[in-house]
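# Structural features, examined
Read off the chains here:
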Amino acid sequence: MVSLLRQPRPRAADGVMSIAQRLLDQRLAEQPDLDKIHDYWRGEQDHPFTPRGAPEDVRRLARMSRVNILDIVVTALSQTLYVDGYREDGVDSDDAIWATWQHNKLDAEQSGVHESSIAYGVSYVTVLPGDPTPVIRGYSPRFMTALYGDDPDWPLWALAAEPNGDRWMYRLYDAEAVHYLESDANGDGLALNETREHGVGVTPVVRFRNRIDLDEDNQGEVEKLFEIQDQIDHTTFGLKVAEHFGAFKQRY
């Protein structure tokens, strides 16, 4: 989800397209792993041992046997991270900057940033100038890819993706501007539509990590529990099959 680069920032349109394509390629390569984490987190993963060609009642038992513990893991951690105010030590009222937090509805939406970071290992927030306050928006790594250089706080570039019918819309962030691009559903035909300078001075993307990992692995809490979740589902499935097919046997 994060790579290290030692390259200058792109300036010309060709440079923008080159970096956007590189980030898009990385996003598409990471997507299957991120989608798998998403499915396990939501309890929608494939059953580990559903036999092929099984009758409908067996397949239904397999669907019923999912006992999703991974959402509990994520929620138990995220509910301890809630921010409900910002003030200096010894001051009775919140600082004026708290208005920015509330204007962006982060009282409610902060949980999405926290949960995504815990589940996937990383999440992102963009902060751009706005009126009357800066505009803050959170992203899952399924919809944002960032490349970092020597500065671990600010990425060199970040690409946000958003579906729009049969097209995908992208925003490429760098230290000077936001570049608006689009492609087809497969990521082909990437085209640059518009560039808008943001005046922030850095790439306006903040990274939230589940843990500080010097190997840049950024593993979340869900992936490392795949096998435990499979074991629970498989055991439950076996019990359900025995319960269903072993009930009311008659001796004669």
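Sequence order as written defines the numbering, with residues in each chain counted from 1. In keeping with the predicted nature of the model, local features appear solely for residues at pLDDT of at least 70, side-chain atom pairs appear and are counted solely at 80 or more, and the whole-chain, interface and lining totals rest on all residues. The side-chain quantities take in all heavy atoms of the structure and omit both hydrogens and water.

## What to know about the packing of helix H2 (residues 56–64) against helix H6 (residues 226–245)
Defined as follows: Axes, fitted as lines to C-alpha atoms, cover a helix only where it is in contact. Angles between the N-to-C directions of the axes lie from 0 to 180 degrees. Strands here mean DSSP runs of E at least two residues long; helices mean DSSP runs of H or I at least four residues long; both are numbered from the N terminus. Just so you know how the angles are binned, under 35 degrees is roughly parallel, over 145 roughly antiparallel, 65 to 115 roughly perpendicular, and the rest oblique. With the far helix as reference, a near helix turned anticlockwise by less than a right angle produces a left-handed crossing, and one turned clockwise produces a right-handed crossing. Residue contacts are counted whenever heavy atoms from the two residues lie within 4.5 Å of one another. Following the grouping adopted for this structure description, the nonpolar residues are Ala, Val, Leu, Ile, Met, Phe, Trp, Tyr, Cys and Pro, the charged ones are Asp, Glu, Lys and Arg, and the polar ones are all others, Gly among them.
Closest axis-to-axis distance for the H2/H6 pair is 9 Å, and the angle between their directions is 140°. Our classification of the angle between H2 and H6 gives oblique. As for the relative orientation of H2 and H6, their crossing is right-handed in sense. Judged by residue contacts, Asp57, Val58, Leu61 and Ala62 of H2 engage Phe237, Lys240, Val241, His244 and Phe245 from H6. Considering only residue class, the contact of H2 with H6 consists of six nonpolar, one polar and two charged.

## Some points on the side chain of His179
Keep this limit in mind: Throughout this description, buried means an accessible area under 20% of the type-specific maximum (1.4 Å probe, protein chains only), exposed means over 50%, and partly exposed covers the range between.
Structurally, His179 can be placed in strand S7 (residues 177–184). Residue classification places His179 among the buried residues on the basis of a relative accessible area of 5%. With sequence-adjacent residues up to four places away left out, His179 is seen in contact with Val16, Tyr170, Arg171, Leu172, Asp174, Leu192, Glu194 and Thr195.

## Description of the environment of Ala29
Summarising the element assignment, Ala29 is placed in helix H1 (residues 13–42). Note on Ala29: relative accessible area 57%, which makes it exposed. The spacing of Ala29 and Val127 is 98 residues in sequence and 27 Å in space, taken between C-alpha atoms.

## Let's talk about the pairing of strand S3 (residues 135–139)
Going by this rule: A pair of strands counts as paired when DSSP detects no fewer than two bridges linking them.
For strand S2 (residues 122–128) and S3, the ladder comprises five bridges, and the chain directions are antiparallel. Across the sheet, the residue bridging to Val125 is Gly138, located in S3. Counting the residues between successive antiparallel strands, the hairpin from S2 to S3 contains six residues.

## Comments concerning the environment of Glu115
Inspection of the secondary structure assignment puts Glu115 in helix H5 (residues 106–120). Along the backbone, Glu115 and Thr75 are 40 residues apart, and their C-alpha atoms lie at a distance of 7.0 Å.

## Some thoughts on H2
Spelled out, the test is: Summarising the geometry, the arc corresponds to the directions from the helix axis toward the C-beta atoms.
All buried positions along H2 are accounted for by Val58, Leu61 and Ala62. For H2, the angular spread of the buried residues around the axis is 105°, confining them to a single face. The secondary structure elements touched by the buried residues of H2 are H6.

## Things to note about H5
Cut-off, in case you're wondering: A helix is expected to span 1.5 Å multiplied by its residue count minus one.
Over its 15 residues, H5 runs 20 Å from end to end, which matches the ideal 21 Å to within 8%, given 1.5 Å per residue. For H5, the set of buried residues is Leu106, Gln110, Val113, His114, Ser116, Ser117, Ile118, Ala119 and Tyr120. Of the surrounding elements, those touching the buried residues of H5 are H1, helix H3 (70–78), helix H4 (98–103), S2, S3 and strand S9 (205–209). Looking one or two places after H5, you find Gly121, whose phi comes out positive at around 105°.

## Quick look at the nonpolar core
Operational definition: Buried Ala, Val, Leu, Ile, Met, Phe, Trp, Tyr and Cys residues that are joined via side-chain atoms within 4.5 Å together make up what is termed a nonpolar core.
If you look at the biggest cluster of nonpolar residues, it comprises 15 residues, and the most contacted ones within it are Leu23, Trp157, Leu159, Tyr170, Leu172, Leu181 and Leu190. Secondary-structure elements contributing two or more residues to this core are H1, strand S5 (157–164) and strand S6 (167–173). Here this core takes five residues from H1, the largest share from any one element. Listed in part, the 12 residues of the second largest apolar core include Ile37, Trp41, Tyr120 and Phe226.

## Digging into the pairing of strand S8 (residues 191–197)
Where S7 lies against S8, six bridges are found, and the strand directions are antiparallel. Each residue of the ladder has a partner; that of Leu181, found in S8, is Leu192.

## Some remarks on the pattern of salt bridges
How we decide: Any Lys or Arg side-chain nitrogen found within 4 Å of a carboxyl oxygen on Asp or Glu counts as a salt bridge.
Evaluated as defined, the whole model comprises 11 salt bridges. A salt bridge links Arg167 to Glu182, with the shortest nitrogen-to-oxygen separation between them at 3.1 Å. You can see Arg167 sitting in strand S6 and its partner Glu182 sitting in strand S7, a full 15 residues away along the chain. With a shortest N-O distance of 3.4 Å, Arg211 and Glu221 are connected by a salt bridge. Note that Arg211 is positioned in the loop between S9 and H6 and Glu221 in the loop between S9 and H6, a separation of 10 residues in sequence.

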